[in-house]
Amino acid sequence: MKVTLSTLDTCEGSFTPLVVLELAQDVKEETKEWLKNRIVTKKKDGGAQLLFRPLLNKYEKGTVENQNLYLVGASNIRLLLGAEAVGLVKECSDNTMRAFTYGTRHNFKGFDDNNDDFLTMAECQFIIKHELENLRARDEKMIPGYPQAKLYPGKSLLRRLLTSGIVVQVFPLHDNEALKKLEDSWYTRFSLQFQPIVILEVWKRGCANMTYRWGTLVMKRQFEEPRPGYHGVLGVNAVTGREEPLYPSYKRQLRIYLVSLPFVCLCLYFSLYVMMIYFDLEAWALDLHENSGSEWTSILLYVPSIIYAIVIEVMNRLYRYAAEFLTSWENHRLESAYQNHLILKVLVFNFLNCFASLFYIAFVLQDMKLLRQSLATLLITSQILNQLMESLLPYWLQRKHHVQVKKKVQALKADIDATLYEQVVLEKEMGTYLGTFDDYLELFLQFGYVSLFSCVYPLAAAFAVLNNFTEVNSDALKMCRVFKRPFAEPSASIGVWQLAFETMSVISVVTNCALIGMSPQVNALFPESKADLILIVVAVEHALLALKFILAFAIPDKPRHIQVKLARLEFESLEALKQQQMKLVAENLKEDGQDGGGKATAT
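Residues numbered from 1 in each chain as written. Predicted model: local features only at pLDDT ≥ 70, side-chain atom pairs only at ≥ 80, totals over all residues. Heavy atoms only, no water.

Some remarks on the overall build of the protein
The helix and strand inventory of the protein stands at 18 helices and ten strands. The proportion of buried residues among the 603 residues of the protein is 42%. (Helix = DSSP H or I, 4+ residues; strand = E, 2+ residues; numbered from the N terminus. Buried < 20%, exposed > 50% of the residue type's maximum accessible area, 1.4 Å probe, protein only.)

Considering the state of the cysteines
Evaluation of the coordinates by the stated rule reveals zero disulfides. In this structure Cys265 is a free cysteine whose sulfur lies 9.3 Å from that of Cys267, the closest cysteine sulfur available. Of the residues examined, Cys265 reaches a relative accessible area of 43% and is grouped as partly exposed. (Disulfide = S-S within 2.5 Å.)

What to know about the packing of aromatic side chains
For the coordinates displayed, the defined rule picks out 19 aromatic pairs. An angle of 40° between the planes, with centres 5.4 Å apart, marks the rings of Phe100 and Phe118 as tilted. Within this pair, whereas Phe100 is found in the loop between strand 5 (97-99) and helix 3 (121-133), its partner Phe118 is found in the loop between strand 5 and helix 3, the two being separated by 18 residues in sequence. Across this residue pair, the class does not change: Phe100 and Phe118 are buried. Arranged with centres 4.4 Å apart and planes meeting at 10°, the rings of Tyr278 and Tyr308 form a pair that is stacked. (Phe/Tyr/Trp six-rings, centres within 6.5 Å; stacked < 30°, edge-to-face > 60°.)

What to know about the UniProt feature "transmembrane region" (unreviewed entry) in the protein
UniProt tags residues 256-279, 299-319, 342-363, 443-466 and 533-555 as "transmembrane region" (unreviewed entry). Span residues 342-363 is 100% helix and 0% strand, its end C-alpha atoms 30 Å apart. Span residues 443-466 is 75% helix and 0% strand, its end C-alpha atoms 13 Å apart. (UniProt positions renumbered as here; feature names shortened; annotations may be inferred.)

A few points about the packing of helix 5 (residues 176-188) against helix 14 (residues 459-482)
One can describe the packing of helix 5 onto helix 14 by two numbers: an axis separation of 10 Å at closest approach and a directional angle of 170°. On the basis of their axis angle, the class for helix 5 and helix 14 is roughly antiparallel. Counted together, Leu179, Leu182, Glu183, Trp186 and Tyr187 of helix 5 and Asn473, Ala476, Leu477, Met479, Cys480 and Arg481 of helix 14 form the full contact between these two elements. A class-by-class count of the residues in the contact of helix 5 with helix 14 yields eight nonpolar, one polar and two charged. (Axes fitted to C-alpha atoms, helices over the stretch in contact; angles between N-to-C directions. Parallel < 35°, antiparallel > 145°, perpendicular 65-115°, else oblique. Contact = heavy atoms within 4.5 Å. Nonpolar A, V, L, I, M, F, W, Y, C, P; charged D, E, K, R; others polar.)

Some remarks on the packing of helix 9 (residues 303-329) against helix 10 (residues 335-365)
Interhelical geometry of helix 9 versus helix 10 gives an angle of 160° and a closest axis separation of 10 Å. Relative to helix 10, helix 9 is oriented roughly antiparallel. Judged by the sense of rotation from one axis to the other, the crossing of helix 9 with helix 10 is right-handed. When helix 9 is examined against helix 10, the residues Tyr308, Ile312, Met315, Asn316, Tyr319, Arg320, Ala323, Glu324, Leu326, Thr327 and Ser328 are found in contact with a partner set consisting of Tyr338, His341, Leu342, Lys345, Val346, Phe349, Asn350, Asn353, Cys354 and Ser357. (Left-handed = near helix turned anticlockwise from the far one by under 90°.)

Here it is, written out as structure tokens:
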């Protein structure tokens, strides 16, 4: 019998909680009931067809403070059908990776109708997140109980509930047993072990291996659902035939070129203006030191660079918020398009904001001593600030909250499931991991500090290694103990960041060749003819870039065995399509023959 979503029951009283949904404390009962109905209602009626219950029942709510916390889960069959809907890729019995379908579920390795562990917990939570995000308004004009929270057909309900403050947050629960094993292998046992070092051509091959094994390399993303923040008039997608919001692309382009682009240019100008103020401070400190020559004024020489490094970090963070707002306002349909536009905005500003002063010192002032001083100050200050803001402060706050929750749970009555209650209440107060964007950006800027001017200040590489050694462990601690568990986000690669790092490497070759050519030692070799020096520097730079591009061409992005498996999968897909077409032709011919025979008999 074919199983469909319409045959599933959503009234299970007990289920494994996977995702927590927290409502504001003053949410009205009619709003809660409406939200519950939309979550449990069948898909064909506009619901998500998931399982939903409060964390505390009506008797337990009188025992402890009223928490508007709700648990979301799904039946095993619902999750399997959801895995097919999102295009989840799993390993088959023949060791190939294929898109999962419920009809061919027995062809996949590890599947058993009697077991519920075919899908990982992360995959189940990803499916539930997908279903919640794609709950969209139909004929509702507003959220029940909140007339000011307007709705229109196609609007993401979860997005509107979050922006209206009705839903505080939605987060997946940790798997405590798996988390403990991860802690032991990741940071509890201190050991020097191999780390995946950021070598670009080799990384692409390693990335292809991992993403194929995880099933994200062959995951079809070209027909992905619109991102939750995407809005427009509800209509039918001409490609997929699905009902979704439609928004004219010319309106998006107008917003980009008439608003976003001028704003970015204005911010770049302001960054350069702040840079010139920094150079005025440097000149003032230098004059003061030359006039007095005391030890205090020698220390004062580093103050402008430290202040400028802090200002750079503040400006980067403020600009990030503005860039996120603008990119969201541009209303991109796909999450990938949103990320690409956001990364482009942030990278352009951060590159100019962090490195413009160094380029000015190197190629305009040509002051190598000031370049080394500024580079060291900017690099070390940014690393210290990042460690404080991203690791030590969140960890201290989380430890403090953990103690408070422990005391609260110990005071509960014995008839409450204290284990689940403690886990949910503890995790809801954890920080939210906002994705890999900040981590990639931090590495990108560090890569720039180390590589752009490495010939002038080689010690920058040592500081970077020391910082990364501590950050690997502090990041592991954050992911396990400070942040909530993030939802899985399938991806086939690091995306546009790969291009950003490759571009930085090309710029680094040019800048280092130029700096070496400007050095007094090299200039002494060409006392008479500067033209020969320039030609040699340009020739060396071209040779190094040629070597880089030859290596990039010679080293395949995907290992041979991955290429063979992908080609085989594509061939089998084409063969299956041919078989389907031949079957349809045969059925049509058979029907035509029957019609012809009937006419002949009648004659």
